[in-house]
Amino acid sequence: MRLAVMITMAFSLVAGAAFAKTPYHDGTAEVIKPTDKNHPLGEIVSGYDFRKAMIRDVQDDDFENPAMLVVDHGEELWGTVDGSAGKSLSQAFEGCAEVPLDVVGSVYPRFNNAAGKVISLEQVINMCRETAMGAKPYKWESRDMLGITAYIRMQSRGSRVNVAVDGKASAAFERGKKLYYQRVGQLDMSCAHCHEDNYGNYIRADMLSQGNINGFPTYRLKWNGVGSTHRRFRGCMKNIRAKPLPYGHEDYVALELYTAWRGNGLKVEAPAYRN
Amino acid sequence: MKQTKQFSTISRRHALAMLGAAGTAVFAGVPAYADGAAVAAKIKGLTGGKSVGEGTIELDLPEIAENGNAVKVAFSVDSPMTADNYVKAVHVMADGNPTPDVASFNFTPAMGACSASTRMRLAKTQNIIVLAEMNDGSFKQAQATVKVTIGGCGG
Amino acid sequence: MAKIKPRVKVPKKAAAGEIIEIKALISHPMHTGRAKDKKTGKKIPRKIINKFVASFDGQDVFTANFEPAVSANPYIAFPFKASKSGAFTFTWVEDGGAEFTASKKMTVA
């Protein structure tokens, strides 16, 4: 059974390459050379460059990009006082994030001293709401959380992803790396089977990217809306018939850190637009 | 990708052949699609059976859409858009969706030009038909095919 | 459901005779009436923005009639010939009659 699946897939990978017309394939993509000698790839390319013009054109125009509707919502929340401390997130956030606002989007997930572990941007926001603002945490995939994370990541748009994986972050990094290469689910596949071994090829009608997360939160046509990195992880896991983990699970934060590191050097594109 | 196309008759066989060639999957569970005949009937209703001319309508549609949930459809109709010579309405139709109608637009000379752009849902590979109605009661039409690729993956 | 909020882009200034481009976007799920709720298994009733009207100084200049085949968060772009300063009003009409509006001023030199 598994053999049959793999054969079908392999066939599609060859057949599909015929109608590839993307910046990655025509040589106009921005290709980053990894600086870390332990990087598994010789080139780092944004998911943007694996998409056709119909998708890229929308991301290129902030007005046409429907993710901006969610960013607008986040900007409103950002300046709104909420909770018992009488503060808005704009007043409390930098203290919680431990780095300047325009840097946050390029360095998270990150080891946070107050949390005592590597946490994602969503977790910084909720920690800040609970401890500094005296407000209720947002649900992970709520419009409020997506709006705020998209708004914050956008403040780093254009700067280069630069997550730290040494020192206190190294345990989470190693965990993330292990998960990335671990075969899971009924199809018995790892992240690497698609996003390391086969990026630039088609899997059925989908062009595989390197799975970089520099554009998240991202508006996806499949979702008709904006979603988080963890939502994307969950989708991938469902595709390979594995049981997805809950949003914010420690393993997903570790995987997010590792995946972000694989894209170190790419421009932050949030909020991106994808198929 | 600009595609400037003139009117041609869409046969059912032709539409099916294109579907096959594109190797696409269709949405499961949708009971019926419009087809060339439904679009033809719709056009007959709009034109009252008048003949449709082959004026210049430029369509801007992707050749391949990586997802059918939001496919750009833009058109421009060559017209002076003056009080006595303008485009009154433009109807956008699709022959492979559950119903043929996508959108229609009413224009006025105040706009100075006749064009519009929106985003539509396409259930599968199909033809997009754009019918323009002039203020003198005449009609022009153009069409193009969009291949919709629906992956088995993509989370 | 998410709050319904329009965004409109109109140039603040234009030259007389210039053909400007207006872009409008509104957050709306555009329920076609065909999809089912994943949790309940019940059909989600049709609810779409069925009409968009642009008017200039009280005069309708452009109308778009949307069917369920128009994408979620409907987007529309169209031209307008600037001849005098004035104000645009944009109205989105939802099934059931609810209306959402936005206004923009334009100065013509």
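The shown structure was predicted, so the numbers you read here are calculated from the model rather than taken from an experiment.

Draft legend 1. The overall build of chain B, seen in detail. Per the secondary structure count, chain B includes two helices and nine strands. Reading the helices (α) and strands (β) of chain B from amino to carboxyl end gives β-α-α-β-β-β-β-β-β-β-β. The buried share of chain B, taken over its 155 residues, is 53%. For chain B, restricting intrachain contacts to residue pairs at least 6 apart in sequence, the fraction spanning at least 24 positions comes to 69%.

Draft legend 2. Representation of helix 9 (residues 170–181) of chain A. All names here are of chain A. For helix 9, built from 12 residues, the straight-helix expectation of 16 Å at 1.5 Å per residue is met to within 8% by its first-to-last C-alpha distance of 17 Å. Residues Ala-172, Phe-173, Gly-176, Leu-179 and Tyr-180 constitute the buried set of helix 9. The arc that holds the buried residues of helix 9, viewed along the axis, is 125 degrees, so those residues lie on one side. Across from the buried face of helix 9, at angles greater than 90 degrees, the exposed residues are Ala-171 and Lys-178. The inward-facing, buried residues of helix 9 contact strand 4 (117–119), helix 10 (191–195) and helix 12 (250–262).

Draft legend 3. Looking closely at the packing of aromatic side chains. Here the structure, examined in full by the defined rule, presents 25 aromatic pairs over all chains. Ring geometry for A:Phe50 against A:Tyr199: centres 6.1 Å apart, planes inclined by 85 degrees, an arrangement best described as edge-to-face. With a gap of 149 residues between them, A:Phe50 in the loop between helix 2 (23–26) and helix 3 (53–60) and A:Tyr199 in the loop between helix 10 and strand 5 (202–203) connect regions that are remote in the sequence. Here A:Phe50 and A:Tyr199 have matching classes, each one buried. A network of ring pairs unites the aromatic residues B:Phe75, B:Phe105, B:Phe107, C:Phe52, C:Phe56, C:Phe62, C:Phe78, C:Phe80, C:Phe88, C:Phe90 and C:Trp92 as a single cluster. Looking at A:Arg220, its charged tip hangs above the ring of A:Trp223, at a distance of 4.7 Å from the centre. Sitting over the ring of C:Tyr75, B:Arg119 keeps its end group 4.6 Å from the ring centre.

Draft legend 4. Representation of the interface of chain B and chain C in the model. The partner chain C presents 26 residues to the 26 residues of chain B that form the contact. Regarding the contact of chain B and chain C, the summed buried area is about 2,000 Å², with carbon and sulfur atoms giving 52% of it. A per-residue breakdown of the area chain B buries against chain C is headed by B:Met111, B:Arg119 and B:Arg121, which together make up 32% of the total. For the pair chain B and chain C, the number of links is zero salt bridges.

Draft legend 5. Quick peek at the pairing of strand 4 (residues 49–56) of chain C. Residue and element names in this part refer to chain C. For strand 4, the tally of buried residues reaches six of eight residues, placing the bulk of the element in the interior. In the sheet, strand 4 pairs with strand 5 (residues 59–66) via six bridges, with the strands oriented antiparallel. Each residue of the ladder has a partner; that of Ala-54, found in strand 5, is Phe-62.

Draft legend 6. Region of interest: the interface of chain A and chain C. Facing 13 residues of chain A, the contacting portion of chain C comprises 14 residues. In total, chain A and chain C occlude about 1,200 Å² of area from one another, counting both sides; carbon and sulfur atoms represent 56% of this. Contact with chain C buries surface across chain A, with A:Phe63, A:Leu69 and A:Arg143 losing the most and accounting together for 53% of the total. Applying the counting rule to chain A against chain C returns four salt bridges.

Draft legend 7. Geometry of the side chain of B:Ser104. Relative to the helices and strands, B:Ser104 resides in strand 6 (residues 101–106). Owing to a relative accessible area of 16%, B:Ser104 belongs among the buried residues under this scheme. Excluding anything up to four places from it in sequence, B:Ser104 contacts B:Val90, B:His91, C:Thr63, C:Ala64 and C:Asn65.

Draft legend 8. Inspection of the confidence of the model for chain A at higher detail. All names here are of chain A. This prediction gives chain A a mean pLDDT of 93; 93% of its residues lie at or above 70. Below a pLDDT of 50 lies the segment residues 1–8, which in the model reaches four contacts outside its immediate sequence neighbourhood of four places, other chains included. For the stretch residues 10–18, pLDDT sits under 50, and the model shows nine contacts to residues farther than four places along the chain or on other chains.

Draft legend 9. Here's a closer look at the sheet that holds strand 6 of chain B. Across the sheet, which stays open at both edges, the 10 strands sit in the order 3(B)-9(B)-8(B)-5(B)-6(B)-5(C)-4(C)-7(C)-8(C)-2(C) with mixed pairing between neighbours. Across the chains shown, the open sheet's two edge strands, defined by having one partner strand only, are strand 3 (64–65) of chain B together with strand 2 (13–14) of chain C. Alignment of strand 8 (residues 126–134) of chain B against strand 9 (residues 139–148) of chain B, held across eight bridges, turns out to be antiparallel. Following the sheet pairing, B:Ala132 is matched in strand 9 of chain B by B:Lys140. Running at roughly 165 degrees to strand 5 (residues 87–94) of chain B, helix 2 (residues 36–47) of chain B makes contact with strand 5, strand 6, strand 8 and strand 9 of chain B of the sheet.

Draft legend 10. The arrangement of the state of the cysteines in detail. All names here are of chain A. Counted by the stated rule, this structure contains one disulfide over all chains. One disulfide bridge connects Cys-96 with Cys-128, the sulfur atoms lying 2.2 Å from each other. Disulfide Cys-96-Cys-128: torsion about the S-S bond near 70 degrees, hence right-handed. Of this pair, Cys-96 sits in helix 5 (residues 89–97) while Cys-128 is found in helix 7 (residues 121–133), placing the two residues 32 residues apart along the sequence. Judged on exposure class, the residue Cys-96 and its partner Cys-128 are both buried. Looking at the unpaired Cys-191, the closest cysteine sulfur is the one in Cys-236, lying at 6.9 Å.

Draft legend 11. Local environment of the sheet that holds strand 8 (residues 225–227) of chain A. Residues and elements named next belong to chain A. Read from one edge to the other, the open sheet built from three strands follows the order 8-7-9, with strand pairing classed as mixed. Two strands bound the open sheet, and with one partner strand each, they are strand 8 and strand 9 (272–274). Neighbour to neighbour, the strand axes of the sheet diverge by 35 degrees on average, direction disregarded. The pairing of strand 7 (residues 218–220) with strand 8 spans three bridges and is antiparallel. Bridging from a neighbouring strand, Thr-218 pairs with Gly-227 of strand 8.

Draft legend 12. Quick look at helix 5 of chain A. All names here are of chain A. For helix 5, the full list of buried residues reads Leu-89, Ala-92, Phe-93, Cys-96 and Ala-97. Taken end-on, helix 5 shows its buried residues confined to a sector of 125 degrees, consistent with a single buried face. More than 90 degrees from the buried face of helix 5, the exposed residues found are Gln-91 and Gly-95. Looking at the packing, one finds that the buried side of helix 5 touches helix 4 (67–78), strand 2 (87–88), helix 6 (101–107), strand 3 (110–112), helix 7 and helix 8 (143–154). At the exit of helix 5 stands Glu-98, carrying a positive phi of roughly 65 degrees.

Draft legend 13. The environment of A:Val253, seen in detail. Residues and elements named next belong to chain A. Following the sequence through the fold, Val-253 ends up in helix 12. Taking the C-alpha atoms as reference points, Val-253 and Thr-229, 24 residues apart in sequence, are found 9.5 Å from one another. Excluding residues within four positions of it along the chain, Val-253 makes contact with Pro-109, Val-118, Ile-119, Ser-120, Gln-123, His-230 and Gly-248.

Scoring rules and cut-offs
- Residues numbered from 1 in each chain as written.
- Chains lettered and ligands numbered in written order.
- Predicted model: local features only at pLDDT ≥ 70, side-chain atom pairs only at ≥ 80, totals over all residues.
- Heavy atoms only, no water.
- Helix = DSSP H or I, 4+ residues; strand = E, 2+ residues; numbered from the N terminus.
- Buried < 20%, exposed > 50% of the residue type's maximum accessible area, 1.4 Å probe, protein only.
- Contact = heavy atoms within 4.5 Å.
- Expected span 1.5 Å × (residues − 1).
- Arc of directions from axis to C-beta.
- Phe/Tyr/Trp six-rings, centres within 6.5 Å; stacked < 30°, edge-to-face > 60°.
- Lys NZ or Arg CZ within 6 Å of the ring centre and 35° of its normal.
- Buried area = accessible area lost by both parts, 1.4 Å probe.
- Salt bridge = Lys/Arg side-chain N within 4 Å of Asp/Glu carboxyl O.
- Pairing = 2+ DSSP bridges.
- pLDDT = per-residue confidence, 0-100.
- Axes fitted to C-alpha atoms, helices over the stretch in contact; angles between N-to-C directions.
- Disulfide = S-S within 2.5 Å.

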